[in-house]
Structure formats: C-alpha cells, structure tokens
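Structure at a glance
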Amino acid sequence: MSRELERSDKRVTWIRFSISCKMSIFGSLMLLGTHISVILLLLNGGRKYCTYNSQVIASETLQVVFSAASSIAVYNVVKNNLIKFPWLLRAWWLLSFFMSVINVAIDTHLRIMYHGKLRLIDYFNFFGFLLNFCLFGISIRGKTGIGHNIPSNITDPLLKGKSDNKNTENKNESLYAKSTILQLITFSWLNPLFVIGYKNPLEQDEIPNVDIKDSAAFLTNSFDESLKYLKKRDETENPCIYWAIFTFVWRKAVINGCFAVVSAAASYVGPYLINDFVSFLSEKETRSLESGYFLALAFLGAKIIETTAQRQWIFGARQLGLRLRAALISHIYKKGLVLSSQSRQSRSNGEIINYMSVDIQRITDFIWYVNMIWMLPIQISLAIYVLHANLDFGSLAALLATLMVMACNIPLTRVQKKYQSKIMDAKDDRMKATSEVLRNMKLLKLQAWDTQFLEMLEALRRLEYTWLWKSIRLGAVTAFIFWGSPTFISVVTFGSCVLMGIELTAGRVLAALATFRMLQDPIFNLPDLLNVIAQGKVSADRVASFLQEHEIQQDSIQYVPKDQTKVDIEVQNGKFSWDAESIIPTLDGINLEVNRGMKVAICGTVGSGKSSLLSSILGEMQKQSGIVKISGTKAFVSQSPWILTGNIRENILFGNEYVKAKYDKTIQACALTKDFDLFPCGDLTEIGERGINMSGGQKQRIQIARAVYQDADIYLFDDPFSASV
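Residues numbered from 1 in each chain as written. Predicted model: local features only at pLDDT ≥ 70, side-chain atom pairs only at ≥ 80, totals over all residues. Heavy atoms only, no water.

Using the following cut-off: UniProt positions are given in the numbering used here, feature names are shortened, and annotations may be inferred rather than shown by experiment.
Per an unreviewed UniProt entry, the chain goes by ABC transmembrane type-1 domain-containing protein and derives from Cannabis sativa. Of the chain, the UniProt comment under Subcellular location (unreviewed entry) reads exactly: "Membrane".

1. Quick look at the overall build of the chain
Our working rule: The helix count covers DSSP runs of H or I at least four residues long, the strand count covers runs of E at least two residues long, and both are numbered beginning at the N terminus. Relative accessibility under 20% of the residue-type maximum defines a buried residue, over 50% an exposed one, and the middle range a partly exposed one, all with a 1.4 Å probe and only protein chains included. By the convention used here, residues are in contact when the closest approach between their heavy atoms is within 4.5 Å. In short, Shrake-Rupley with a 1.4 Å probe defines the accessible areas, and a residue's cover is counted only from the protein chains shown.
For the chain, the count of helices and strands is 26 helices and eleven strands. Relative to its full complement of 725 residues, the chain shows a buried share of 40%. Excluding contacts between residues fewer than 6 apart, the proportion of contacts in the chain whose partners are at least 24 apart in sequence is 77%. When the accessible surface of the chain is summed, it comes to about 42500 Å², and 62% of that surface belongs to carbon and sulfur atoms.

2. A short note on the UniProt feature "transmembrane region" (unreviewed entry) in the chain
Residues annotated by UniProt as "transmembrane region" (unreviewed entry) correspond here to residues 21-43, 55-75, 87-106, 118-138, 366-387, 393-412 and 491-516. In this annotation, residues 55-75 is assigned 100% helix and 0% strand; the end-to-end C-alpha distance for the span is 30 Å. End C-alpha atoms of residues 491-516 are separated by 11 Å, and the span's content is 81% helix alongside 0% strand.

3. Some details on the environment of Leu412
Along the chain, Leu412 falls in helix H17 (residues 409-439). In contact with Leu412, other than residues within four places in its own chain, are Leu474, Thr478 and Ile481.

4. Remarks on the pattern of salt bridges
Heads up, the condition is: In the sections that follow, a salt bridge refers to a side-chain nitrogen of Lys or Arg positioned within 4 Å of a carboxyl oxygen of Asp or Glu.
The final tally for this structure, using the stated rule, is 18 salt bridges. Two residues, Asp428 and Arg542, come together in a salt bridge whose shortest N-O distance is 2.2 Å. Of this pair, Asp428 sits in helix H17 while Arg542 sits in helix H21 (residues 506-547), placing them 114 residues apart in sequence. Across this residue pair, the class does not change: Asp428 and Arg542 are buried. Asp450 is paired through a salt bridge with Lys445; the nearest N and O atoms lie 3.5 Å apart. On the basis of relative accessibility, which here comes to 32%, the residue Asp450 falls in the partly exposed class. Members of the salt-bridge network, linked through shared partners, are Arg347, Glu351 and Glu549.

5. Observations regarding the pairing of strand S11 (residues 714-717)
Selection rule: Pairing between strands is defined by DSSP: at least two bridges between them are needed.
Alternating residues of S11 divide into Ile714 and Leu716, all buried, and Tyr715 and Phe717, none buried. Across four bridges, the pairing between strand S8 (residues 634-637) and S11 is parallel. Residue Lys634 lies in a different strand from S11, and its bridge partner there is Ile714.

6. With respect to unusual backbone geometry
Where the residue is not glycine, phi is negative for most of them; where a peptide bond is considered, it is trans in most cases. Phi at Ala448 is positive, roughly 60 degrees, even though this residue is not glycine. With respect to the secondary-structure elements, Ala448 resides in the loop between helix H18 (441-447) and helix H19 (450-483). Residue Asn573 is not a glycine yet carries a positive backbone phi of 50 degrees. Inspection of the secondary structure puts Asn573 in strand S5 (residues 567-577). For Asn573, a relative accessible area of 53% translates into the label exposed.

7. A few points about the nonpolar core
Quick reminder of the rule: Here, the term nonpolar core denotes a set of buried Ala, Val, Leu, Ile, Met, Phe, Trp, Tyr and Cys residues that are joined through side-chain atoms within 4.5 Å. Where each domain starts and ends follows an automatic or database-derived domain assignment.
In terms of nonpolar packing, the biggest core is built from 34 residues, with Trp313, Ile489, Phe516, Leu519 and Ile523 touching the most fellow members. Of all the secondary structure elements, the ones that give two or more residues to this core are helix H10 (241-267), helix H12 (289-337), helix H14 (349-369), helix H15 (371-391), helix H16 (394-407), helix H20 (485-500) and H21. Tallying contributions element by element places H15 first for this core, with nine residues. Per-domain counts for this core show at least three residues from each of domain 3 (216-392 + 502-548) and domain 4 (422-499). Not counting residues within four places of it along the chain, the set of residues in contact with Trp313 comprises Asn256, Phe259, Ala260, Ser263, Trp368, Asn371 and Met375. Counting residues in each nonpolar core, the second largest holds 27 residues, with Ile241, Leu339, Tyr355 and Met356 among its members.

8. Focus on a nonpolar patch on the surface
Convention followed: The patches reported here contain residues having more than 30% relative accessible area and no salt bridge. Joining distances are 9 Å for like charges and 5 Å for nonpolar side chains (Val, Leu, Ile, Met, Phe, Trp, Tyr).
Together, Phe26, Met30, Phe126, Phe127 and Leu130 give the surface a local cluster of nonpolar side chains, amounting to about 430 Å² of exposed area. Of all the elements in the fold, those that place two or more residues in the nonpolar patch are helix H1 (19-43) and helix H4 (120-141). A per-element tally of the nonpolar patch places H4 first, with three residues. Turning to its location among the elements, Leu130 is positioned in helix H4.

9. Overview of the packing of aromatic side chains
As a reminder, the rule being used: Only centres within 6.5 Å qualify two rings of Phe, Tyr or Trp (six-membered ring in Trp) as a pair; their planes then separate them into stacked at under 30 degrees, edge-to-face at over 60, and tilted for everything else. Both a distance and an angle decide whether a charge sits over a ring: NZ of Lys or CZ of Arg must be within 6 Å of the ring centre and within 35 degrees of the ring normal.
A full pass over the atoms with the stated rule returns 15 aromatic pairs. With a centroid separation of 6.3 Å and an interplanar angle of 65 degrees, the aromatic rings of Trp189 and Phe315 are classed as edge-to-face. You can see Trp189 sitting in the loop between helix H7 (181-186) and helix H8 (191-199) and its partner Phe315 sitting in helix H12, a full 126 residues away along the chain. Residue Trp189 is classed as buried on the basis of its relative accessible area of 13%. Here the aromatic residues Tyr176, Phe187, Trp189 and Phe315 are joined through ring pairs into a cluster of three or more. Taking NZ or CZ as reference, Lys470 lies 4.6 Å from the ring centre of Trp467, over its face. Of note, Lys662 hangs over the ring of Tyr709, and the distance from its end group to the ring centre comes to 4.5 Å.

10. Some thoughts on the side chain of Arg347
Here is the rule we go by: Within 3.5 Å is the distance limit for a polar contact, defined as a pair of N or O atoms, with the added protein rule that one can donate a hydrogen and the other accept it, and that residues adjacent in sequence qualify only through two side-chain atoms.
Residue placement: Arg347 occurs in the loop between helix H13 (341-346) and H14. What makes Arg347 buried here is its relative accessible area of 12%. Of note is the side chain of Arg347, whose polar atom sits 3.2 Å from the side chain of Glu351. A distance of 2.9 Å separates the side chain of Arg347 from the side chain of Ser545, its partner in a polar contact. Residue contacts for Arg347: discarding those within four places in its chain leaves Ile352, Tyr355, Ser545, Phe546 and Glu549.

Below you can see the structure in the form of structure tokens.
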C-alpha cells in the first residue's frame, strides 16, 4: 500500500508503509478506545476486584491520557516520515505491556480464587493485553519501516541546481527557530541533530544554522538600536554602557528570572514536606492512604517543576550571555575601525584584543550569575520560613549565623575588586609589550636587543603573577570560609534549639538538615557571585572607557556626485590637527583643487606634512575648519606596506572577484611579472606573517597592485617608492 506525498515537475515520490507502521497506528488508536470503554463500564456499575473504585477510574484515566499522547506521537512519526520510533514512545509501550501483564495476571488469579465469572470488562482488559503485546514487539524492533520510492534521474541535480540549494537551505534551517513549545521544554528539538551525529561524525553542512535572533548581524543591529534610543533619551553622544546592556537584555533576563524564581521556590517543597512524610510513616495506622499518595505526588511534582524551570533558566542565561557577547564584540570591532589617530596612540591592538577576549568574557559570566542576585534573598527567605515552621525560634539563630557568614563578604569583595583591577592593568601592559616585540622582532634580532626585551617581558609577567597569586590566595580563604559555613550554621541552630528547649524530633532534624543542604547553594555561590560582580564591574568600566574614545569625524568630508562637478578633490581654507584639543594646528590654510584626470605630486622635506595632507583628504585627521569635497571612489597606498597573511593573489584581489584580463593587466602595470617568476608558486605563493619572506619593494608593489585593481577614481600614494630605497 502506498500513498502519494508530492508531485512536482512530473516527478512522483511515494511513501511505503510497512506492517509495523500500520500496526502502531491501529494498536495505539484501539488501545485508546479500549481504556475509554473500560472507564465507561466502571462508571456504569462495572467493578474490578478492588475496594476503591475511584482509584481504578483514576488509573484508567491516566491510561487514556498516555494512550492519547502515544497516538499523537505515532501521528507525528508518520507525518515526519521518521525511520525509527522515538525512544520515549518505545519506553511507554514497554511499560504499558508490563502493566498489562501484571493486571491480567492479578485478575486471573483473583478470578480463579473466587470462582468468578468473566465479565465484559475482563474481555476489554485481555484485548488491551494483546494490543500491548503487539506494541511491545514493535518497540523492541524500533523501526517504522517507512520507505521512499524516488524515480532516479541523473540529470536532475544538473538541471535543478536552484532547487537543490533551496533544499540545502531548508535542511540547515534552525531547529530552535521552528521548534514547538513542548520541544522547547524538553529540548527535543535537538534530536534530529543527535540522530545524524549518532550514525556518523557531523559534517559542516549537516549542522543547522542558528536562529536569526542569535545571529551576529541581528544582535549588532539590536544593540545599535539600544544605543540610539539612549542617545535620544539622554541627549548625549556617549550613553552609559550599563544602561545600554540593560536595554539590550532586560526582556530575556526577566523571563530567565521568572524561571529561576520558580525553580528556587519548588526546590524548598521537599524540605518543607519532609516532617509530614516522617509523621505519616510513623503514624500509618491513623493516617489515610490518600494523604501518603498526596505527599508522594507533591514530592514528584515539585521535583519535575524544579528541574524543568532550572534547565530553562540555565539555557536562557547561556543564550543571553552569548547574545551579549556577540553584540559587544561586534561593537568593539566597529569602534576600532573608526578610532581617531589620537585614540589609536593610547589603545594598542593587543589591548583591543584583550577587551574582546577577556573583558567581554567576564561580562558574559556576570550575565550567567545575574539570576542569583534575586534568587539569593528568595532562597534565604524560604529557608528561614521552613526552619521557622519546624524549629520555631531556632530559625532566628540560623538567620543570624547566615548573616554573619555573608557579612564576611564585604571586606573580602573590596580587596578582590582591587586585585582584579591590578590584574587587568598588568595584563594590558604585558599584552601591549608582547605585541610590540612580536611586531618588531626583525629589528630586535638585528640590533641584538632580544635579551633586554625578554627581561622586560619577564618582569611584566612577574608583576601579573604577583597579583594573580594574591587573588588566588584570597579566593582560597573565601572558599574555606564558605565551605565550612553549612556546618557552622547547623551547629549554631541545633545548639540554640537545645538551649531554648525546642524538641528535636526525627522529622524536624531531617527537615532542618535538608534545608541547610538547600541553603548551601546560595552560600557557596555568594563568593563567586561577588567575585564575578567585581570582575564584571572592572571589565565593563574598561569597555565603556574604550567605547567613549574619540572617533574619526564622520562629517569632515563632503561627497559630491561625479556628474555634478569636474573636480575630484577640493580643499578650501583647510585647518587640520592630529590633536583635537591642540590650539596650534598641524596644517593651516590649505587650499587644493585637483581636477579629474590630473596627476599631482606634493614634494617637501621630512616632517613637512605630506602624509598629514593625505590623511586629511581621507578624513582620518581632525578637521578644525574649512571644506573638503571628494568626488568619486578612493584607493590609498600607505608609506609602510600593509600585507595580509595568505597568498599574493588574495592580497591583490582584497575580496574582489577575480577577472583574469583585468588581473593580468594590473600585474603588468605594477611590474610584478618578474617577481612572480621568482616565486615558487607564482601569485599563489604563500606570504609569511606580515610579508616577512618578501623584500620591501615586493611588498610595496603588491600594495600598489591592490590599489590599482580596485579601479578607483582617485589614487593617493604616500611615498610609494620609500620601501625599495
């Protein structure tokens, strides 16, 4: 038997249903009908060998619910054309079979003992046993048996490339984005990826894309919107980084906080009910059985709620931290591209890398711990309430001991914050010095300065090591205090109860010990929380300081369309300075007009301002007054060659499309043909770090070829022959 799935472009795909698949559908539906029929018989006066008929009805009602859920699961299996049945569905079929075996065995035993006659309800039970037996066999096999018949046509992949690309995009669609609420709760949206990874190692094209809301482009735009909102609200160009982060994360953080509060509240249900449970066990003769079932159900339900809420807020906190990390790294990177020349002198590349690697990670860690800020008072309040319900005024001693332990954090946190500031300053100095040494390694080797600079780096490392050692020792002392705090609180609480004459029964002691165990988590996490707050505060201040650095003037250049003027470069009464706060300008009274197609050479002595003039035309120099107009695109060749790690062709193309005729013409015009003949692989020769395996002239010619290949309207050359001299 076959069913038509889809028809497109005269191609037909068929799905084959095996016997096991048909039987799973039939068995699930019939089993559901069987349990419904049993309930109707019980409501109409039919009885089993059980004193409590209401419990039998409740049991059959649960069977109906689970049978309906299994029927829906089978429908999803057929709908999604899965090869195997889900393991949860197979586990339920297995348990249902064992319950059916026990039920039939007990009914048979009682029927024989009391010489009873078979009734209609017994036939339904036996029929359900047969259905469960069939489903049990299917669960053991596990496979659905669903197959596909796809007519082979070897020309389809060539003729329908767009369709294949579309299918690939659908295949890599985010699993998280299209997941249902149930899948989000159970994290079952990851199952398709686990199935693929279980069979074979995962390939890059098999990993689905992230959700659009987790992409770097979306997060960067969202963070920029938050900054624009704060700039408009506060009427400032440098809004507070803390408010920007809060505006960016508060919605997701509130949801995570709700899950955290629910998890914290549910975790104290167990300690609160332990005394009642012990009382029930010791007074079984006088307590009803329903109260015992209620207690067991309360324990189970609270644990399910706690676990589910805890998993959700942990996942949400990690997700929110990654979102903030992506947004801040992107913002720092974009800030580094528009820093003014004065700001670049105070912020080295190593320091900027330090912001993106260390500081952003510490801010992300704070997002992970932020839920503990409001969980902490809730957990302590619930613990004191549970202790008060069991120990009466003994809970005051527990509260006092807890506050004493937490009061120790105030001086420890202040010292730890000081150490973290010193560590980050020492790390910045070491990174800055290391970057300078690596960048100028060739000069250091030629001048035999390597020993002196090695001693300087070792001194910086020793300084950083000193502050790290002090911070670790303080952390060890803090950990010792707080690991011993639960024992200290227990001794103080029970000792106070003995002095006040409060009776310590088994139930009260077990409830108190369970509460102390639950109280360990906030006490243990408190030093980490305060440490992360201190580190996050220092890192956030450092990032805020960097983001408030001066930028290149965005309005220093006026761009004029090419069809409105014949002048490519025009400077009128230009007044420029490298230092925005300097009274004396670097260039003053500049008037320059370059018509389209002109070749202009600017000559002068060393330090006369030739490079500064080019920088003012590029907009990288602070314009104090005057007008600068540019018409057309620009290409700039700096005085010192800037080479990317990679092959020569990649350096010349610089991300543009490779056009052979244009590329060959550029190579010939820049006199690189002879150089390519000397290289072992021609223009595909790998360039070492910053072009270390090339001469200065070769690097400069490659840089000129890169500018020429851009096919710009304006070319600015800053002493292009200096490297070959």
